[in-house]
Amino acid sequence: MARVIVVTSGKGGVGKTTSSASFATGLALRGNKTVVIDFDVGLRNLDLIMGCERRVVYDFVNVLNNESTLKQALIKDKRCDNLYILPASQTRDKEALTQEGVERILNELKEDFDYIVCDSPAGIEKGALMALYFADEAIVVTNPEVSSVRDSDRILGILAAKSKRAIDGAEPIKEHLVITRYMPKRVEMGEMLSVDDVKELLSIPLLGVIPESESVLSASNAGVPVIHDKNSLSGQAYSDVVSRFMGEDTPMRFLNVEKTGLLKRIFGT
Amino acid sequence: MSLLNYLRRKKKPTASVAKERLQIILAREHAGRHEPDYLPALKQELLDVVSKYVKVDLGDIKVNLERDGDCEILELNISLPEEVQEMLVNAD
């Protein structure tokens, strides 16, 4: 049975699309048939991060309005065989998303895919609500920073009250915390909330920590999800996230400051 | 960080402040999470009814919903302006 996973956060700019792209890619690299859907109608960006922006012909809203078939709108990823992208519309507004329409598309996708990753827009408006409504699992992307933590907490409240599973009284959505843009050095100096602080505040299980890294910007510049970059710490951290999600026992990495030599410590870099 | 920077450092750690503030605000927001959506509308309608007879502000109406085990208590508190209170006393 296909699983629907929403990548959400409440706050914008914390790394939802980056995380969706790398997480979906990671699932596909492990042989799972995966589709990643951009729910940010009007502000499409997943296509850029996945590097398929020039291949968009039809979009999510076209399929909702029966202006194209799902097959026509799905874009096959260049790098992974098992991965497809369903882009958001750039011209319509989020009112185009209806519960019935989204449900119909998800049901159709469930027949062919193992995982359906829903990249949520920021905020708690229609697009965000539709992205999480049908979810079986949620990845809550949080930066170790006050406004992001508060908004994540708000989203957790919405998952627990306004999702289909909550309304039907079914088994609750399985929640996972992914902390992004983590800077161990600043945590050590007491300038940034630690992993344990964020875990304690949000009290949901931790799926992974992605360290702040220059490679994330390079990856989006190039349109290649950072998980493909084996040399990058962020890429490795996303691989770990996927393996933990698949149930493997992968220890947390990149939580502490790398040991530097005495000379470097005295003279700086 | 170089030694010089280290010696110059005087910044106070702020992460603990952030955590404390978040603990307080999240606790408060969790308490409000179970508040029904109709409370603001209820308040407004009460104000409409009461202001037909007495001049009161929205701020003079306090609506509190408390949960005590299985029991929910909806508490309404309307403070009347002083002149009305005097009128009431004089009428006695």
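Note that the structure is predicted; figures quoted are calculated from it, not measured. (Residues numbered from 1 in each chain as written. Chains lettered and ligands numbered in written order. Predicted model: local features only at pLDDT ≥ 70, side-chain atom pairs only at ≥ 80, totals over all residues. Heavy atoms only, no water.)

**Quick notes on the overall build of chain A**
Of the regular secondary structure elements, chain A holds 13 helices and 8 strands. For 269 residues, the compact-globule estimate of 2.2 N^0.38 gives 18 Å, and chain A sits close to it at 18 Å. Across its three principal directions, the C-alpha atoms of chain A cover 65 × 40 × 35 Å. Buried positions account for 55% of the 269 residues belonging to chain A. Taken as a whole, chain A presents about 12,200 Å² of accessible surface, with 48% of it coming from carbon and sulfur. Put simply, chain A has 33 plus and 38 minus side-chain charges, and the middle of one group is 3 Å from the middle of the other. (Helix = DSSP H or I, 4+ residues; strand = E, 2+ residues; numbered from the N terminus. Rg over C-alpha atoms; globule rule 2.2 N^0.38 Å. Buried < 20%, exposed > 50% of the residue type's maximum accessible area, 1.4 Å probe, protein only. Areas by Shrake-Rupley, 256 points an atom, 1.4 Å probe, with all protein chains shown as cover. Lys, Arg positive; Asp, Glu negative; His and termini not counted. Charge placed at Lys NZ, Arg CZ, Asp CG, Glu CD.)

**A short note on the confidence of the model for chain B**
Residues and elements named next belong to chain B. Summarising the model, chain B shows a mean pLDDT of 78, and 76% of its residues fall at 70 or more. Here helix α1 (residues 3–8) stands out as the least confident element of chain B, with mean pLDDT 63; helix α2 (residues 15–33) is the most confident, with 90. Scored as a whole, the predicted complex attains pTM 0.82, and scored at its interfaces, ipTM 0.87. (pLDDT = per-residue confidence, 0-100.)

**What to know about the pattern of salt bridges**
For the structure on display, the rule yields 14 salt bridges over all chains. Put simply, D136 of chain A and R165 of chain A hold a salt bridge, and the shortest N to O gap is 2.8 Å. With D136 of chain A in the loop between α6 (126–133) and β6 (137–142) and R165 of chain A in helix α8 (residues 164–168), this pair connects stretches of sequence that are 29 residues apart. Note that K19 of chain B and E200 of chain A form a salt bridge whose closest N and O atoms lie 2.8 Å from each other. Residue K19 of chain B is found in helix α2, and its partner E200 of chain A is found in helix α10 (residues 195–202); the two belong to separate chains. (Salt bridge = Lys/Arg side-chain N within 4 Å of Asp/Glu carboxyl O.)

**Observations regarding the sheet that holds strand β8 (residues 206–211) of chain A**
All names here are of chain A. Ordered in space as β3-β4-β2-β5-β1-β6-β7-β8, the 8 strands form an open sheet in which the pairing is mixed. A strand with exactly one partner marks an edge of an open sheet, and here the two such strands are β3 (75–76) and β8. Bridge analysis of strand β1 (residues 3–8) against strand β5 (residues 115–119) gives 5 bridges, and the strand direction is parallel. Bridging across to β5, V7 finds its partner in D119. Each of β1, β2 (34–38), β4 (83–86), β5, β6 and β7 (174–182) touches helix α1 (residues 16–29); the most contacted strand, β5, lies at about 170 degrees to it. (Pairing = 2+ DSSP bridges. Contact = heavy atoms within 4.5 Å. Axes fitted to C-alpha atoms, helices over the stretch in contact; angles between N-to-C directions.)

**Digging into the state of the cysteines**
By definition, a disulfide is the covalent link that joins the sulfur atoms of two cysteine residues. Residues and elements named next belong to chain A. Enumeration over the complete set of coordinates arrives at 0 disulfides over all chains. The closest cysteine sulfur to the non-disulfide-bonded C118 is located on C52, 16 Å from its own sulfur. For C118, a relative accessible area of 1% translates into the label buried. (Disulfide = S-S within 2.5 Å.)

**Considering the interface of chain B and chain A**
In this complex, chain B contributes 17 residues to the contact, which on the side of chain A involves 18 residues. Taking both partners together, chain B and chain A bury about 1,700 Å²; carbon and sulfur atoms supply 58% of that area. Remark: the boundary between chain B and chain A carries 3 salt bridges. Run the count over chain B and chain A and you get 7 residue pairs in polar contact (both at pLDDT 80 or more). The element that contributes the greatest number of residues to the side of chain B that touches chain A is α2 of chain B, accounting for 10 residues. Taken together, the residues of the side of chain B that touches chain A sort by class into 8 nonpolar, 4 polar and 5 charged. (Buried area = accessible area lost by both parts, 1.4 Å probe. Polar contact = N/O pair within 3.5 Å; in protein donor to acceptor, adjacent residues only side chain to side chain. Nonpolar A, V, L, I, M, F, W, Y, C, P; charged D, E, K, R; others polar.)

**Here's the deal with a positive patch on the surface**
Residue and element names in this part refer to chain A. On the surface, R54, R55, K78 and R79 cluster together into a positively charged patch. By the secondary structure assignment, R79 is in the loop between β3 and β4. On the basis of relative accessibility, which here comes to 34%, the residue R79 falls in the partly exposed class. (Patch = residues over 30% accessible without salt bridge, like charges linked within 9 Å, V, L, I, M, F, W, Y side chains within 5 Å.)

**Considerations on unusual backbone geometry**
All names here are of chain A. The backbone phi angle of N66 is positive, close to 60 degrees, even though this residue is not glycine. Mapped onto the fold, N66 is located in the loop between α3 (60–64) and α4 (70–73). For N66, a relative accessible area of 60% corresponds to the exposed category.

**Brief notes about the nonpolar core**
Residue and element names in this part refer to chain A. Within the largest apolar cluster, 54 residues are counted, with the highest numbers of intra-cluster contacts made by F39, F60, V102, L109, I116 and L159. In this structure, V102 is in contact with F39, F60, L64, L97, M130 and F134, ignoring residues within four places of it in sequence. With 34 residues, the next largest nonpolar core counts V117, A237, V241 and F254 among its residues. (Core = buried A, V, L, I, M, F, W, Y, C linked by side-chain atoms within 4.5 Å.)

**Concerning the packing of helix α7 (residues 146–162) of chain A against α2 of chain B**
Running from amino to carboxyl end, α7 of chain A crosses α2 of chain B at an angle of 25 degrees, the nearest separation of the two axes being 10 Å. Put simply, α7 of chain A runs roughly parallel to α2 of chain B. At the point where α7 of chain A passes α2 of chain B, the crossing takes the right-handed sense. Here V146, V149, R150, D153 and G157 of chain A of α7 of chain A come into contact with α2 of chain B, specifically with A18, L22, I25, L26, E29, H30 and R33 of chain B. Across the contact of α7 of chain A with α2 of chain B, the residue classes break down as 6 nonpolar, 2 polar and 4 charged. (Parallel < 35°, antiparallel > 145°, perpendicular 65-115°, else oblique. Left-handed = near helix turned anticlockwise from the far one by under 90°.)

**Description of the packing of aromatic side chains**
All names here are of chain A. Under the criterion given, the structure shown has 5 aromatic pairs over all chains. Note on F23 and F245: the rings are 5.0 Å apart at their centroids and 90 degrees apart in plane angle, and the pair reads as edge-to-face. With F23 in helix α1 and F245 in helix α12 (residues 233–245), this residue pair connects regions lying 222 residues apart in the sequence. The residues F23 and F245 share a single accessibility class, namely buried. Note on F39 and F60: the rings are 5.1 Å apart at their centroids and 80 degrees apart in plane angle, and the pair reads as edge-to-face. Of this pair, F39 sits in the loop between β2 and α2 (46–50) while F60 sits in helix α3, and the two are 21 residues apart along the sequence. Summarising the burial analysis for this pair, F39 and F60 share the class buried. Among the aromatic residues, those joined into a cluster by ring pairs are F23, Y115 and F245. (Phe/Tyr/Trp six-rings, centres within 6.5 Å; stacked < 30°, edge-to-face > 60°.)

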